[in-house]
Amino acid sequence: MKQIGFVMAVLAGMMFSCTGEKDQELVSDQLKTELSDQLKTLVQVIPDDKVPHSFPGHNAEYGMVDYHGWTSGFPAGSFWYMYELTGDEYWKGVAIENTVKLEKAQYLTNTHDLGFMIYCSYGNGFRITGNEDYKQVIIQASESLISRFNPVVGCIRSWDFGSWQFPVIIDNMMNLEMLFWASKVTGDPKYRDVAISHADVTLEHHFRDDMSSFHVVSYDTITGNPIEKQTHQGLDDESAWARGQAWGFYGYTVCYRETGDEKYLEAAERIGDLILENLPEDKVLYWDFDDPAIPNAERDASAAAIAASAFFELSTYSEKGDIYLEVANKMIESLSSAQYRATGGENGGFLLKHCVGHKPANREIDVALNYADYYYLEALKRQKDLKK
Ligand code: GLY
């Protein structure tokens, strides 16, 4: 099983990293037109030095971020996916503009979010165009990211704010894909070694017996032991914050693709099964699985989009692939329905409605968020690739 599974993972990795004319034929013309029209409304409000993060914004019509923001890479990534899905050169132009404005982010060493920021923007740009300048930016960003690795803890430090000694958040699993890529293109194993260490330590300390995960684990930098396990964006320290479960799920699916290590496949399957157990009828996740207000609690369409994308990929590796594929298709069907997907320029031009950013801070509750759109488009592309 191990050998077969890994060969499938390598093939699927190639599939998930290739583009082709077939993509364009497999997306219905109506959907392509609606996605394009909707996102063109968003493009009209993009300033030269920022990208749209949310609608409505916290204190403004739109939330906008510059290259420092953790979500700065998602609009460019969405526009790259739109270029792949439609073949329309307009989207290539918009993708390039919103990629190159992030160039300075490659040197940031005060954030762990460089995978989100650089790999979703420059990474997709390089995958699609082969532009050598983009490649150098991604390598530099990987160098900046591994500067945050602490060998005693065995992890990349997530945040520099707060009173934690060495905080690591489950979201950090999403920044490892860029490190695997960097080792492949440079031939230097140091990026991959960091990614594997981070994934292993996180697997040991971030998960409860039922495979739900804590949001934040803080470590002692002298002993390397975990000292605090908490939430920051979930309901409470012991709850299962939906997006955190989706980040971990996606992250371990990538780790299996990149290493063939069965323990990552098992982790991804167990997290996927936990998500399945907590899905409502329409398969769009409640923002936190433990909110006592369920079934009246808010949904988080961003968590559903991330999970759908990962379910498509995991379906190609797992013996339970049929179950995972079915749920991914249902998630996309729901997210594509009028209940969750905006048309006609409403929702500020973002695609998905009903996301939750940071409920405990009373911010971004039931809004549009740029990462929901990014993972929705990625999931649509994966769905089309699987139909080929
Ligand atoms: N901290 C990133 C997120 O909101 O998922």
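Residues numbered from 1 in each chain as written. Predicted model: local features only at pLDDT ≥ 70, side-chain atom pairs only at ≥ 80, totals over all residues. Heavy atoms only, no water.

1. Comments concerning the environment of Thr41
So, step 1. Relative to the helices and strands, Thr41 is located in helix 3 (residues 29-43).
So, step 2. For the pair Thr41 and Glu346, spaced 305 residues apart in sequence, the C-alpha separation works out to 8.8 Å.
So, step 3. When near neighbours in sequence (up to four residues on either side) are disregarded, Thr41 contacts Gly345, Gly348 and Gly349. (Helix = DSSP H or I, 4+ residues; strand = E, 2+ residues; numbered from the N terminus. Contact = heavy atoms within 4.5 Å.)

2. Points about unusual backbone geometry
So, step 1. Cis peptide bonds are those with omega within 30 degrees of zero, and the linkage from Phe55 to Pro56 qualifies with -10°.
So, step 2. In this structure, Pro56 sits in the loop between strand 1 (51-55) and strand 2 (63-65).
So, step 3. One non-glycine residue, Lys283, lies in positive phi territory at about 70°.
So, step 4. Within the element layout of this structure, Lys283 appears in the loop between helix 11 (262-277) and helix 12 (301-315).
So, step 5. Residue Glu364 is not a glycine yet carries a positive backbone phi of 55°.
So, step 6. One can find Glu364 in strand 9 (residues 363-369).

3. Description of the environment of Val284
So, step 1. Mapped onto the secondary structure, Val284 falls in the loop between helix 11 and helix 12.
So, step 2. Taking relative accessible area as the criterion, Val284 reaches 0% and is therefore assigned buried.
So, step 3. Remark: the alpha-carbon pair of Val284 and Ser213, spanning 71 residues in sequence, is separated by 19 Å.
So, step 4. Discounting chain neighbours no more than four positions away, the residues touching Val284 are Arg299, Asp300, Ala301, Ala304, Ser334, Leu335 and Tyr340. (Buried < 20%, exposed > 50% of the residue type's maximum accessible area, 1.4 Å probe, protein only.)

4. Comments concerning the site of the ligand
So, step 1. Inspection of the region around the ligand gives Trp70, Asp171, Gln233, Trp241, Arg243 and Trp247 as its neighbouring residues.
So, step 2. Residue Gln233 places a side-chain N or O atom 2.7 Å away from an oxygen atom belonging to the ligand.
So, step 3. When the free accessible area of the ligand is taken as 200 Å², the share hidden by the protein chains comes to 91%.
So, step 4. Residues that form the shell around the ligand fall into these classes: 3 nonpolar, 1 polar and 2 charged. (Near = heavy atom within 4 Å. Polar contact = N/O pair within 3.5 Å; in protein donor to acceptor, adjacent residues only side chain to side chain. Areas by Shrake-Rupley, 256 points an atom, 1.4 Å probe, with all protein chains shown as cover. Nonpolar A, V, L, I, M, F, W, Y, C, P; charged D, E, K, R; others polar.)

5. What about the pairing of strand 8 (residues 355-358)?
So, step 1. Pairing of strand 8 with strand 9 involves 3 bridges; the strand directions are antiparallel. Looking at strand 9, one finds that Cys355 is bridged to Val367.
So, step 2. Between strand 8 and strand 9, which pair antiparallel one after the other, the connecting turn spans 4 residues, and Asn362 there sits at a positive phi close to 60°. (Pairing = 2+ DSSP bridges.)

6. Overview of the confidence of the model for the protein chain
So, step 1. For the protein chain, per-residue confidence averages 94 on the pLDDT scale, and 93% of positions sit at 70 or higher.
So, step 2. Note on residues 13-23: pLDDT under 50 across the span, and 22 contacts to partners over four residues away in sequence or across chains. (pLDDT = per-residue confidence, 0-100.)

7. Observations concerning the nonpolar core
A general tendency of soluble globular proteins is for nonpolar side chains to be buried together.
So, step 1. Counting residues in each nonpolar core, the largest one holds 115 residues, and the members touching the most others are Ile118, Tyr252, Tyr375, Tyr376 and Leu377.
So, step 2. The element contributing the most residues to this core is helix 12, with 11 residues.
So, step 3. Residues within four places of Leu377 in sequence aside, it is in contact with Leu35, Leu39, Ser78, Tyr81, Met82, Leu85 and Leu351. (Core = buried A, V, L, I, M, F, W, Y, C linked by side-chain atoms within 4.5 Å.)

8. Considering the pattern of salt bridges
So, step 1. Inspection of the entire model under this criterion finds 25 salt bridges.
So, step 2. The closest approach of N and O atoms between Lys359 and Glu298, which form a salt bridge, is 2.7 Å. Placement of Lys359 in the loop between strand 8 and strand 9 and of Glu298 in the loop between helix 11 and helix 12 is noted, with a sequence separation of 61 residues between them.
So, step 3. On the accessibility criterion, Lys359 (24% relative accessible area) is partly exposed. (Salt bridge = Lys/Arg side-chain N within 4 Å of Asp/Glu carboxyl O.)

9. Details of helix 4 (residues 74-86)
So, step 1. Taking 1.5 Å as the rise per residue, helix 4 with 13 residues should run 18 Å; its terminal C-alpha atoms sit 18 Å apart, in good agreement.
So, step 2. In terms of burial, helix 4 is largely enclosed, as 13 of its 13 residues are buried. (Expected span 1.5 Å × (residues − 1).)

10. Considering the packing of helix 3 against helix 4
Relative placement of two packed helices is described by the angle separating their axes and the distance separating the axes.
So, step 1. Put simply, helix 3 and helix 4 touch, their axes get as near as 11 Å, and they point 150° apart. By the angle between their directions, the pair helix 3 and helix 4 is classed as roughly antiparallel. Regarding helix 3 and helix 4, the two cross each other, and that crossing is left-handed. For the pair helix 3 and helix 4, the contacting residues are Lys32, Leu35, Ser36, Leu39 and Val43 in the first and Phe79, Met82, Leu85 and Thr86 in the second.
So, step 2. Across the contact of helix 3 with helix 4, the residue classes break down as 6 nonpolar, 2 polar and 1 charged. (Axes fitted to C-alpha atoms, helices over the stretch in contact; angles between N-to-C directions. Parallel < 35°, antiparallel > 145°, perpendicular 65-115°, else oblique. Left-handed = near helix turned anticlockwise from the far one by under 90°.)

11. Looking at the sheet that holds strand 5 (residues 167-169)
So, step 1. The 3 strands lie next to each other as 5-6-7, forming an open sheet whose pairing is antiparallel. Of all strands in the sheet, those bounded by a partner on one side alone are strand 5 and strand 7 (226-230). Ignoring strand direction, the axes of neighbouring strands in this sheet form an average angle of 25°.
So, step 2. Note: strand 6 (residues 216-219) against strand 7, 4 bridges, orientation antiparallel. Looking at the pairing, Tyr219 lines up with Pro226 of strand 7.

12. Points about the side chain of Ser309
So, step 1. Locating Ser309 in the fold gives a position in helix 12.
So, step 2. A residue is classified by how much of its surface remains accessible, and Ser309, at 0% relative accessible area, is buried.
So, step 3. At a separation of 2.6 Å, a polar atom in the side chain of Ser309 contacts the side chain of Glu378.
So, step 4. Sequence-distant contacts of Ser309, that is, excluding residues within four places in its chain, are made with Tyr250, Tyr375, Glu378, Ala379 and Arg382.

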